[in-house]
Amino acid sequence: MSIACGLCFHRCKLDVGQVGLCRARANQGGQVVPLNYGKLTALALDPIEKKPLRRFHPGSFVLSVGGFGCNLRCPFCQNAEIAAADAEIPTRECPPEALAREALRLQARGNIGVAYTYNEPLVGYEYVRDCSALVRKAGLCNVLVTNGTIEEAPWRALLPLMDAVNIDLKGFTEDWYRTLGGDLETVKRSITLAAQVCHVEVTTLIVPGENDSEDEMRALSAWLSSVSPDIPLHVSRFFPRHRMTDRPPTPVETVYRLAKVAREQLRYVYTGNC
């Protein structure tokens, strides 16, 4: 029996045994299940600024976890070894209860909670949801680093468990988002809804020749300011990665110039990878 996955706009229609575009969700017995539930490819205690979050508990650390899979196809992916992986990748088992215990144990080292990051965590939506409930019950924070490509209903259901999110806004044109296999309006909706519930910061990676015009940054920052001028924006420098090694890194001066443009509309603009 075929069934559609309703987690993101792709709405993959899956026959029994078939895996979705994200490589992390499959039809098993007529139900869509996450193949990466409790299966971690990465676990590290990171500075909160690495997420990046600059205005949420600065100077603290957060236990950061990643699985495998992603519902976009960014040719410049910096974590392609796990984001573009499938269930064959080596993982370590970590059920939600174990993750919450580890987060509590690390409080003595400055840990404030758990960050779901590295790959696209929302393709493992059920794991993020279940872990977040336990982490919140333990009195710790939940942080999510995501591309924001999720349908409205599951996003609204998850947001009350989140304390902070960083959402990639990969550009401000539909053409660029189509190249990446995404949808700009979906991400804009995710940012707008999150800003009503928790702390939000946004990251834009500047790729030479793709999303590096002043006009695009002016439009992006004006829209973000219409949601709230207090949302921090991270303007980040591209380096050749994955399938996009045919162009040089973004010039540092380009990042600084576009950050200056963004500051016309936004109160908090940071540069990254410079």
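A quick note: this is a predicted structure, and the numbers were derived from the prediction, not measured.

Novice: How do you make sense of the sheet that holds strand β14 (residues 269-272) when you look at a structure like this?
Specialist: Strands belonging to one sheet form pairs held by backbone hydrogen bonds; the direction of such a pair is parallel or antiparallel. Strand order across the open sheet formed by eight strands is β6-β7-β9-β10-β11-β12-β13-β14, with mixed pairing between neighbours. Sheet topology places β6 (42-47) and β14 at the edges, where each strand pairs with a single neighbour. For this sheet, the mean angle separating the axes of adjacent strands, direction not counted, is 20°. The pairing of strand β12 (residues 199-206) with strand β13 (residues 233-237) spans five bridges and is classified as parallel. From the neighbouring strand, Thr203 faces β13, where its bridge partner is His234. Strand contacts of helix α6 (residues 184-195): β11 (164-168) and β12, with the helix running at about 160° to β11, the strand carrying the most contacts. Taken strand by strand, helix α8 (residues 252-262) contacts β12, β13 and β14, and its axis lies near 165° from that of β13.

Novice: Looking at this model, I keep getting lost on the packing of helix α2 (residues 96-105) against helix α3 (residues 125-137). Mind explaining?
Specialist: Describing two packed helices takes the angle between their axes plus the distance from one axis to the other. Where α2 contacts α3, the axes come no closer than 9 Å and their chain directions differ by 45°. Here α2 is positioned oblique relative to α3, judged by the angle of their axes. α2 and α3 meet at a crossing whose hand is right-handed. Here Pro96, Glu97, Leu99 and Ala100 of α2 lie close against α3, whose contacting residues are Tyr127, Asp130, Cys131, Leu134 and Val135. In terms of residue class, the contact of α2 with α3 is made up of seven nonpolar, no polar and two charged.

Novice: Any chance you could explain the pairing of strand β3 (residues 25-28) here in plain terms?
Specialist: Looking along a regular strand, one sees side chains alternate from face to face of the sheet. Relative to strand β4 (residues 31-34), β3 is paired through four bridges, and the arrangement is antiparallel. Bridging across to β4, Arg25 finds its partner in Pro34. Between β3 and β4, which follow one another and run antiparallel, lie two residues, and Gly29 among them has a positive phi close to 65°.

Novice: Quick question: what am I supposed to make of helix α7 (residues 214-227) here?
Specialist: Quick reminder: α-helices carry 3.6 residues per turn. Residues three or four places apart thus point the same way. Helix length check: α7, at 14 residues, gives a terminal C-alpha distance of 20 Å against a target of 20 Å (1.5 Å per residue), a fit within 8%. If you check which residues of α7 are buried, you get Glu216, Met217, Leu220, Ser221, Trp223, Leu224 and Ser225. Residues of α7 that are buried sit in contact with α6, β12, β13 and α8.

Novice: Quick question: what am I supposed to make of the pattern of salt bridges here?
Specialist: Once the charged atoms of two side chains with opposite charge are near each other, the side chains can pair. Under the defined criterion, the tally for this structure stands at 18 salt bridges. Where Glu151 meets Arg189, a salt bridge forms, and the shortest distance between an N and an O atom there is 3.6 Å. Of the two residues, Glu151 sits in the loop between β10 (141-146) and α4 (152-158) while Arg189 sits in helix α6, which places them 38 residues apart along the sequence. Its relative accessible area of 28% is what places Arg189 among the partly exposed residues. The shortest N-O distance in the salt bridge between Arg218 and Glu264 comes to 3.0 Å. Highlighted residues: Arg218 in helix α7 and Glu264 in the loop between α8 and β14, separated in sequence by 46 residues. Overall, Arg218 belongs to the partly exposed group, its relative accessible area being 29%. Several salt bridges converge on common partners, so that one network encompasses Arg11, Glu151 and Arg189.

Novice: So what exactly am I meant to see when it comes to the side chain of Asn111 here?
Specialist: With respect to the secondary-structure elements, Asn111 resides in strand β9 (residues 111-116). The class for Asn111 is buried, based on a relative accessible area of 4%. In terms of polar contacts, Asn111 uses its side chain to reach the backbone carbonyl oxygen of Ala103, at 2.9 Å. Reaching out from Asn111, the side chain makes a polar contact with the backbone oxygen of Gly113 at a distance of 3.2 Å. Residues contacting Asn111, with those up to four places away along its chain left out, are Leu45, Phe61, Val62, Leu63, Ala103 and Leu106.

Novice: Looking at this structure, I do not really get the packing of α7 against α8. What am I missing?
Specialist: It is at 9 Å that the axes of α7 and α8 come closest, and there the two elements cross at 40°. Relative to α8, α7 is oriented oblique. Once α7 is placed against α8, the crossing between them reads as right-handed. Note on element contacts: α8 touches α7 through Arg257, Leu258, Val261 and Ala262, opposite Glu214, Met217, Arg218 and Ser221.

Definitions and cut-offs
- Residues numbered from 1 in each chain as written.
- Predicted model: local features only at pLDDT ≥ 70, side-chain atom pairs only at ≥ 80, totals over all residues.
- Heavy atoms only, no water.
- Pairing = 2+ DSSP bridges.
- Helix = DSSP H or I, 4+ residues; strand = E, 2+ residues; numbered from the N terminus.
- Axes fitted to C-alpha atoms, helices over the stretch in contact; angles between N-to-C directions.
- Contact = heavy atoms within 4.5 Å.
- Parallel < 35°, antiparallel > 145°, perpendicular 65-115°, else oblique.
- Left-handed = near helix turned anticlockwise from the far one by under 90°.
- Nonpolar A, V, L, I, M, F, W, Y, C, P; charged D, E, K, R; others polar.
- Expected span 1.5 Å × (residues − 1).
- Buried < 20%, exposed > 50% of the residue type's maximum accessible area, 1.4 Å probe, protein only.
- Salt bridge = Lys/Arg side-chain N within 4 Å of Asp/Glu carboxyl O.
- Polar contact = N/O pair within 3.5 Å; in protein donor to acceptor, adjacent residues only side chain to side chain.

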